[in-house]
Structure formats: C-alpha cells, structure tokens
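Coordinate analysis (summary)
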Amino acid sequence: MRAAQYSSFGNPADVLAVADAALPEPGPGEVRIRTVLASIHNHDLLTVRGLYGYKPTLPAIGGSEALGVVDALGEGVDGLQIGQRVAAASVHGTWAEAFIAPARMVIPMPESIPDEMAAQLIAMPLSALMLLEFLHVEPGQWIVQNTANGAVGKSLAMLATARGVHVANLVRNAEAVAQLQALGIDHVFDTSVDGWKDRVREATGEAQAAAAVDSIGGDASGELVDLLGHHGTLVSFGVMSGEPMRIPAGGLIYKEATVKGFWGSKVSQAMAVEDKRRLVGELLKRAAGGELTLPVERIFALDDIAQAATAGAGSGRNGKVLLRA
C-alpha cells in the first residue's frame, strides 16, 4: 500500500513523503480499514514534529483518525463486517491506503452522515463532548473559551448549546467572529476590541462563567480567570502561545477557583465503555440532526501530503483539511 511516512521528526512539509509500505494484518481484536478520507489534526502535526505526548517508533506513518471500509477482521472480532463503513480515531497510521484499529475503537457510520463529516466526527467533537462533561456545567450556566474558532472550540460551542449550556466564544479578530457566526454560533467576542471583557461579563450575568477553557496559556489564562464566577473552574486544554500560564493569585484566592488540566486521550482511556458509547451516540444524533456542523477547508490527495500538511498547519482556516487515500 501507499502511505505518508516520516523517518525523522521535523517540519511535516519536509519530513513527510509518500512511499510503499507493507499492508498491515490485523491481530486478535483488530480490524483493517481501507481508508476513504483521513483528517489532519494539530496533534498529528505535533507528533510528526516530535512535540506531542505520544512519540512513535520511526519510521512511522502519520495520522490518527479516518473514515473507511472494513477490509479484514482479526481473530475474535464480533459486531463488525467486511465492507462496513466505519470511522476510527485515537489510532495510528491513518494517512495511508489502509490502517489497523482495535475493534473497540471502530464506530459504524450511518449513511445519513456524509464522508467529509464522518472522517472528522470522532476525535475533536468527542474531545469537546468529553470536555463538556469534565467541566460539570449545568443547563443555563456559562462557559468561556478562547481560540473558539478551532476545531474543538467550534464543536464545544455547538454541543454545549444543544445541551442548553451557554458559551462565550473568544477569538482574536473580526474575520473569526464572522466565521463562527456563519456557522450559527452566538456570543462571539473579539479580544482585539477594547472593552471585550466588559461585554463578556454583561452576557454572562451576575453569576459569571462557571468554567473556562484555555488553549493559549500566558496572559490569556489570567484573562479567563478574571471572567470566572465564584468557585469557577479553569481547564488548561492547550498552550498555543508556548508560554506558562500566568494567573494572578488574587483571582484564584478570592474566587476560590480551581485549575485543572485536560488531555482527551487520557480521559478517553479512563472513561467507562458505556459512557463512551453514550457520548458517541449523542455525536451521531446531533451530527445527523444538524446540531453539529464540521466544515472542510480542502481535500488533498495522499500524494500531496506536503501541501496538505502545510495547509493543515495554516491559520485562518474555515474547516478541517482532509486526505483522500
């Protein structure tokens, strides 16, 4: 088969190349999936750079989520059939014509969900839904999040709204405001405009936000604490700035705030099977019902992996970059 491989860590556009690889065989409890569309996520690109929490043995094939068709079943696999349309995430080597996935990680995809959505439905939206439950917010309460125009941010805004939770969505420019509003996302605030914090406080009301999600770090962390209500929770989801979180002690002390870290991979591993099935079922329902929208920026051929990786890392995208195997 053909696969996008790398033999050293570095800039994805430089180290990724399509080459022949052995067609993998599924072991016990595994299935082989013929790839239709694969997503390019930020964490995939960080993995190629050697900067993510997971480091593969080199040479490695990139990618961690894809839509495809079951091609072979390993010993002991029940509930899946050859030829079945499925998606899988939190796996390895999806930027290839075929990949291996544990059967327990494979999600059958209903025909009501188009390929472009199914190829990106599990990783980021499921992280958003797990994050929403991690925050322990109730209908009518508020969450405030920065980088709301990212894949998880968009999904969190839509899924929270569907559950009756309000979200104050922070972005850095007017273009991002328009992008979110075009998706039907409300309560979007441009942090480049003076007085944006006052407008957030006006929206969230006297109780202020019950929880905040920080994907930036640095001074942005302290800004979110400013917007928390009493006993609010700040969750560190990412550190796009590359800087340590800077939080004034007074904000923590006088609000009796809590700071937590969230890594979707670890939360997913610790989650009970029945809870994960419940969340996946909710995702499928909301995707099919139009409550969740997952736009696509562009689809590249597998052979164009360098250009695809560059596009996937670019800022100002309106949606996910996908690979067609």
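Refer to the preceding data block for the structure.
Here we summarise the structure given alongside this text. Values in this document were obtained by computation on a predicted structure and should not be read as measured data.

Conventions we followed
- Residues numbered from 1 in each chain as written.
- Predicted model: local features only at pLDDT ≥ 70, side-chain atom pairs only at ≥ 80, totals over all residues.
- Heavy atoms only, no water.
- Helix = DSSP H or I, 4+ residues; strand = E, 2+ residues; numbered from the N terminus.
- Rg over C-alpha atoms; globule rule 2.2 N^0.38 Å.
- Buried < 20%, exposed > 50% of the residue type's maximum accessible area, 1.4 Å probe, protein only.
- Expected span 1.5 Å × (residues − 1).
- Pairing = 2+ DSSP bridges.
- Core = buried A, V, L, I, M, F, W, Y, C linked by side-chain atoms within 4.5 Å.
- Phe/Tyr/Trp six-rings, centres within 6.5 Å; stacked < 30°, edge-to-face > 60°.
- Lys NZ or Arg CZ within 6 Å of the ring centre and 35° of its normal.
- Axes fitted to C-alpha atoms, helices over the stretch in contact; angles between N-to-C directions.
- Parallel < 35°, antiparallel > 145°, perpendicular 65-115°, else oblique.
- Left-handed = near helix turned anticlockwise from the far one by under 90°.
- Contact = heavy atoms within 4.5 Å.
- Nonpolar A, V, L, I, M, F, W, Y, C, P; charged D, E, K, R; others polar.

1. Regarding the overall build of the protein
Across its full length, the protein carries twelve helices and 16 strands. Computed over its C-alpha atoms, the radius of gyration of the protein comes to 20 Å, within 12% of the 20 Å expected for a compact globule of 325 residues. Dimensions of the protein, computed from the C-alpha atoms along their principal axes, are close to 60 × 40 × 35 Å. Relative to its 325 residues, the protein shows a buried fraction of 50%.

2. Re helix H4 (residues 123–134)
The terminal C-alpha atoms of H4, which comprises twelve residues, lie 16 Å apart, in line with the 16 Å expected from a rise of 1.5 Å per residue. The element H4 is extensively covered by neighbouring structure, given that ten of its twelve residues are classed as buried. Among all positions in H4, only Ala 123, Met 124, Pro 125, Leu 126, Ser 127, Ala 128, Leu 129, Met 130, Leu 131 and Leu 132 are buried. Two residues or fewer after H4 comes His 136, characterised by a positive phi angle close to 55°.

3. Brief notes about the sheet that holds strand S1 (residues 2–6)
Reading across from one edge, S2-S1-S4 is the order of the three strands in this open sheet, with antiparallel pairing throughout. A strand with exactly one partner marks an edge of an open sheet, and here the two such strands are strand S2 (17–20) and strand S4 (60–61). In terms of strand pairing, S1 meets S4 through two bridges, oriented antiparallel. Within the sheet, the bridge partner assigned to Gln 5 lies in S4 and is Ile 61.

4. Overview of the nonpolar core
Met 109, Ile 113, Leu 121, Ile 122 and Leu 135 are the most contacted members of the largest nonpolar core, which totals 51 residues. Of all the secondary-structure elements, those providing two or more residues to this core are helix H3 (115–118), H4, helix H5 (151–162), strand S10 (166–171), helix H6 (174–182), strand S12 (209–214) and helix H11 (273–288). The greatest single-element share of this core, amounting to eight residues, is contributed by H4. Among the nonpolar cores identified, the runner-up in size contains 31 residues, and Val 48, Ala 101, Met 105 and Phe 300 belong to it.

5. Let's talk about the packing of aromatic side chains
All told, the structure shown has four aromatic pairs when counted by the stated rule. Measuring from ring centre to ring centre gives 6.0 Å for Tyr 52 and Trp 263, while their planes differ by 90°; the resulting arrangement is edge-to-face. A residue pair is termed long-range when its members are at least 10 positions apart, and Tyr 52 in the loop between helix H2 (42–49) and S4 and Trp 263 in the loop between strand S14 (258–261) and helix H10 (264–270) qualify at 211 residues. For the ring pair Phe 237 and Phe 262, a centre distance of 5.8 Å and an interplane angle of 20° mean the geometry is stacked. Separated by 25 residues along the polypeptide, Phe 237 in the loop between strand S13 (228–236) and helix H9 (249–255) and Phe 262 in the loop between S14 and H10 bring together distant segments of the chain. By relative accessible area, Phe 262 is classed as buried at 6%. Connected via pairs of aromatic rings, a cluster forms that spans Phe 134, Phe 237 and Phe 262. Above the plane of the ring of Phe 134 lies Lys 260, whose end atom (NZ or CZ) is 5.4 Å from the centre.

6. Focus on the packing of H4 against H11
Look at H4 against H11: their axes get within 10 Å of each other, and the N-to-C directions meet at 120°. Looking at the two axes, H4 sits oblique to H11. The chirality of how H4 crosses H11 is right-handed. Residues Pro 125, Leu 126, Leu 129, Met 130 and Glu 133 of H4 form the contact with H11, whose own contacting residues are Arg 278, Leu 279, Val 280, Glu 282 and Leu 283. Of the residues in the contact of H4 with H11, the class split is seven nonpolar, no polar and three charged.

7. Structural notes on unusual backbone geometry
Leaving glycine out, the prevailing phi sign among residues is negative, and the prevailing peptide bond configuration is trans. A cis amide bond, omega 0°, links Leu 58 with the succeeding residue Pro 59. At Ser 90, a position not held by glycine, the phi torsion is positive, near 60°. Here Ser 90 shows up in the loop between strand S6 (85–88) and strand S7 (98–102). The exposure class assigned to Ser 90 is exposed, which follows from its relative accessible area of 52%. A positive phi is found at His 187, a non-glycine position, where the angle reads about 55°. Judged by relative accessible area, which is 38%, His 187 ranks as partly exposed.

In short, the description is geometric, and any link to function would need to be established separately.
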